[in-house]
Amino acid sequence: MNVVNESPRRKELIRQAAQLFVQEGFDRTTVRMLAHEMGIKSGSLFHHFRDKQEILAAVIEEGTYNALTLARQALAECGDSPNERLHAMARAHLETLLTDRNAHVVALYEWRSLDAKAREHLSHLRDAYEELWERVIDEALAAGLIEGDRFLVSRFVMGALNWTVRWYDPEGVHKPEDLARELVSMMVSSAAT
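Conventions we followed
- Residues numbered from 1 in each chain as written.
- Predicted model: local features only at pLDDT ≥ 70, side-chain atom pairs only at ≥ 80, totals over all residues.
- Heavy atoms only, no water.
- 1 Å grid on protein atoms, 1.4 Å probe; cavity = no way out; pocket = protein on both sides within 12 Å on 5 of 7 lines; lining within 4 Å.
- Points joined across faces, edges and corners; volume = space filled by probe spheres on them.
- Helix = DSSP H or I, 4+ residues; strand = E, 2+ residues; numbered from the N terminus.
- Patch = residues over 30% accessible without salt bridge, like charges linked within 9 Å, V, L, I, M, F, W, Y side chains within 5 Å.
- Areas by Shrake-Rupley, 256 points an atom, 1.4 Å probe, with all protein chains shown as cover.
- Salt bridge = Lys/Arg side-chain N within 4 Å of Asp/Glu carboxyl O.
- Buried < 20%, exposed > 50% of the residue type's maximum accessible area, 1.4 Å probe, protein only.
- UniProt positions renumbered as here; feature names shortened; annotations may be inferred.
- Expected span 1.5 Å × (residues − 1).
- Contact = heavy atoms within 4.5 Å.
- Polar contact = N/O pair within 3.5 Å; in protein donor to acceptor, adjacent residues only side chain to side chain.
- Arc of directions from axis to C-beta.

### As for the layout of surface pockets
Here is step 1: Put simply, the largest pocket is a space of about 330 Å³.
Here is step 2: What lines the largest pocket is a set of 16 residues, among which Leu108, Arg126, Tyr129, Glu130 and Met158 lie closest to the centre.
Here is step 3: Contributing elements (two or more residues each) for the lining of the largest pocket: helix 4 (52-77), helix 6 (103-110), helix 7 (116-142) and helix 8 (150-167).
Here is step 4: Residue contributions to the lining of the largest pocket peak at 5 residues, all from helix 7.

In structure tokens, the structure reads:
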């Protein structure tokens, strides 16, 4: 399981599987549905993947890897102020969720569907992503930018960001950048009062 050196065809199959998992859910998605969506015969699917579980693991690996890469890039490109870093992380997270709206969404909602071996293999990516958030939140707490218990603050922030996939309209007036700015503004404003 490694998305970095995947063939273009396998990457396309992963993208299509992610889209179907978001629409139908992992449990309701059948191998026949996946093959139909991908434009191949059911048996041909197993030329690329051992089973449906391996497809899910590949989708989640890609989604988590992309989120981690985008977050690291956003932090490298922003300034050193806790406010800028918090905004950069929120924007990067929303971009991974709302721009593609598939692989990272599957990673969020279908992690529980992974078998134990896949969870163990992929936990380092999830842990690295969470560590970035914890570091940024710790910086904001230390600077007095926000207040509260780090565990609770991080859960509230992630919950607010992750819920946007349920209501966000990509055709609407607000872009991920706008949502990130609003979220950080609400957090900072509440700490200032």
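### Quick look at a nonpolar patch on the surface
Here is step 1: Together, Phe151, Leu152 and Phe156 line one region of the surface with nonpolar side chains, adding up to about 360 Å² of accessible area.
Here is step 2: Topologically, leucine 152 is positioned in helix 8.
Here is step 3: Look at leucine 152 and you get partly exposed, because its relative accessible area is 45%.

### Focus on the UniProt feature "domain: HTH tetR-type" (unreviewed entry) in the protein
Here is step 1: Taken from the UniProt record, the annotation "domain: HTH tetR-type" (unreviewed entry) applies to residues 7-67.
Here is step 2: In residues 7-67, helix accounts for 79% and strand for 0%; the two terminal C-alpha atoms are 20 Å from one another.

### Describing helix 1 (residues 8-24)
Here is step 1: For helix 1, with 17 residues, the first-to-last C-alpha span of 24 Å sits near the 24 Å given by 1.5 Å per residue.
Here is step 2: Here helix 1 has its buried residues at Arg10, Leu13, Ile14, Gln16, Ala17, Ala18, Leu20 and Phe21.
Here is step 3: Buried residues belonging to helix 1 abut helix 2 (31-38), helix 3 (42-48), helix 4 and helix 6.

### Some details on the side chain of arginine 10
Here is step 1: Examined against the element boundaries, arginine 10 turns out to sit in helix 1.
Here is step 2: There is a polar contact of 2.4 Å between the side chain of arginine 10 and the backbone oxygen of histidine 48.
Here is step 3: Residues in contact with arginine 10, not counting those within four places in the same chain, are His48, Phe49, Glu54 and Ala58.

### Notes on the UniProt feature "DNA-binding region" (unreviewed entry) in the protein
Here is step 1: Per the UniProt record, "DNA-binding region" (unreviewed entry) is found at residues 30-49.
Here is step 2: Regarding residues 30-49, the helix share stands at 75% and the strand share at 0%, and the terminal C-alpha atoms are separated by 14 Å.

### Re helix 2
Here is step 1: Those residues of helix 2 not exposed but buried are Leu34, Ala35 and Met38. The buried residues of helix 2 occupy one face: seen down the axis, they fall within an arc of 95°. Along helix 2, exposed side chains directed more than 90 degrees from the buried face belong to Arg32 and His36.
Here is step 2: Elements in contact with the buried residues of helix 2: helix 1, helix 3 and helix 4.

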